[in-house]
Amino acid sequence: MSDSIFFIGSDSPRDNAARLPTEKTLTRLVGDWGSRVGPGKVGRQPGPHEIVVRNRWFRVSVSTRTMIREGAENIKGIPFPALNIGDTLADGAIGEVVWAPPESGFQLGDLVSHALGWREYATVAISGCAPLPDERIDPAAYLGHGATAYAALTGGVQVQPGDTVFISSRAGAIGSMAGQIARRLRAGHVVGSTGSRDKAAWMQAEQGYDAAVVRDSGPIAQQLAQAAPEGIDVFVDMVGGEQLRAAAAIAREGARFVLLGALTAEFDADEAGMRAPVMLDSFALIIKGVTVRGYSACVEDPGFIKEWLARLAEWQRGSGMHLACSKFSGLENAPRALHEACVGRLTGVVLVELGPIHPS
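Each chain has its residues counted from 1, following the order in which its sequence is written. Under the rules for a predicted model, residues below a pLDDT of 70 receive no local features and side-chain atom pairs below 80 are neither given nor counted, while totals for whole chains, interfaces and linings still include all residues. Only hydrogens and water are set aside; all other atoms, that is, all heavy atoms of the structure, feed into the side-chain values.

## Observations regarding the confidence of the model for the chain
With 77% of its residues at a pLDDT of at least 70, the chain reaches an overall mean of 80. Scored from 0 to 100, pLDDT records how confident the predictor is in each individual residue. Contact definition: two residues touch when any of their heavy atoms are within 4.5 Å. Confidence over residues 9-23 falls short of pLDDT 50; this stretch has 46 contacts with residues more than four positions distant or in other chains. Long-range and interchain partners of residues 25-41, a stretch whose pLDDT sits below 50, account for 50 contacts in this model, where long-range means more than four residues apart.

This is the structure we're talking about:
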């Protein structure tokens, strides 16, 4: 059985692995720093509590850069482990069972979700697999971050009818869903930030946003004050930095902030890392009674995915939701997908499609 994988090469320092300013640098990062995608083997005989899966789709996340960094093993809430020299890259995936022991409960051809993307074949612990309903699925529903956005807006904070909600990085995997979800939770006014006017127009047309803040189009604080002149009640933050400071400045009394990420650190072209310092007026936060909460849905609310899928099905039957997705075809294009995600060119969840198994 053949297998194609991407893995971290061994001839460059770990710290340099997080520096991805160009696609050329990225393709050097993956597989002996040369985008080495070659034939191999599943690697070993599956154990009694394992199955073999041929992946159909896998997710590509900016968080990959963070998990290559020194100290990444201390980060909670990322759905794949810290990466060391020699490790295969990993991320969420959906695949088809091609081998399973009789007592596993799985049949050949079953679709499952698991955490071993970035390869064609994966040997996966049965406990790490979740069965999926049938072949007629939208992979963006299961691999996208709508579940994270839903958990943030219902568990990390609770959106109330009429709230003004500000969402940073609104065209990304979380933000592209968060605006739609906030609207269905009866938010009164939804504002988001993004990196270009084209993305801003797309998000207002398709994603339920009322107004946009665009990076490099004037001071963020000034744009946000114009977009939400009466202040904000809820802030869902994936960026940090200037956007977090601007949100704090116009927070209304009792505002609730939920922090899910810090792309100011992850998008740093010189050295992606785990520090995103920002100066806030803490006295104003105290006076207004603003709550600021760091939140990881998969750590704090592990049952949220089932609830999310039920709500998504309900909303899809009604007005429908747009599951934004940027797709790439073929394992060989995964480095390009990661690069374009890291430089902010893509919208929605980023998926690589390997396609179905073709009979020989």
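Following the structure, the description resumes.
## Brief notes about the nonpolar core
Grouped together as the largest cluster of nonpolar side chains are 65 residues, with contacts concentrated most on Phe58, Val60, Leu153, Ile167, Ile181, Trp308 and Val352. Strands here are runs of E lasting at least two residues and helices are runs of H or I lasting at least four, both read from the DSSP assignment and numbered beginning at the N terminus. Among the elements that make up this core, the one with the highest residue count is helix α4 (residues 146-156) (six residues). Those residues in contact with Leu153 that lie beyond four places of it in its chain are Gln158, Val159, Ala178, Ile181, Ala182, Leu185 and Val236. One finds Phe235, Ala246, Ala248 and Phe257 within the second-largest nonpolar core, a separate group that totals 20 residues. Among buried residues, the Ala, Val, Leu, Ile, Met, Phe, Trp, Tyr and Cys ones that are joined through side-chain atoms within 4.5 Å form a nonpolar core. Working definition: with a 1.4 Å probe on protein chains only, accessible area under 20% of the residue-type maximum means buried, over 50% means exposed, and in between means partly exposed.

## A look at the environment of Phe257
Tracing the sequence through the fold places Phe257 in strand β12 (residues 251-259). According to the relative accessible area criterion, Phe257 is buried, its value standing at 1%. Discounting chain neighbours no more than four positions away, the residues touching Phe257 are Val157, Ile232, Phe235, Leu244, Ala247, Ala248, Ala251, Val290, Thr291, Val292 and Arg293.

## Details of the pairing of strand β4 (residues 93-99)
Among the seven residues of β4, five are classified as buried, and the element is accordingly described as predominantly covered. Across six bridges, strand β3 (residues 50-60) lies against β4 in antiparallel orientation. Opposite Val52, over in β4, you have Trp99 as the bridge partner. In this sheet, strand β5 (residues 111-114) lies alongside β4 in antiparallel orientation, the contact comprising four bridges. Bridging across to β5, Ile94 finds its partner in Ser113. Whether two strands pair depends on DSSP finding at least two bridges between them.

## Remarks on the environment of Gly109
Take Gly109: it is sitting in the loop between β4 and β5. In this structure, the C-alpha to C-alpha distance between Gly109 and Asp134, residues 25 residues apart in sequence, is 9.6 Å. When neighbours within four sequence positions are excluded, Gly109 is seen to be in contact with Glu96 and Val97.

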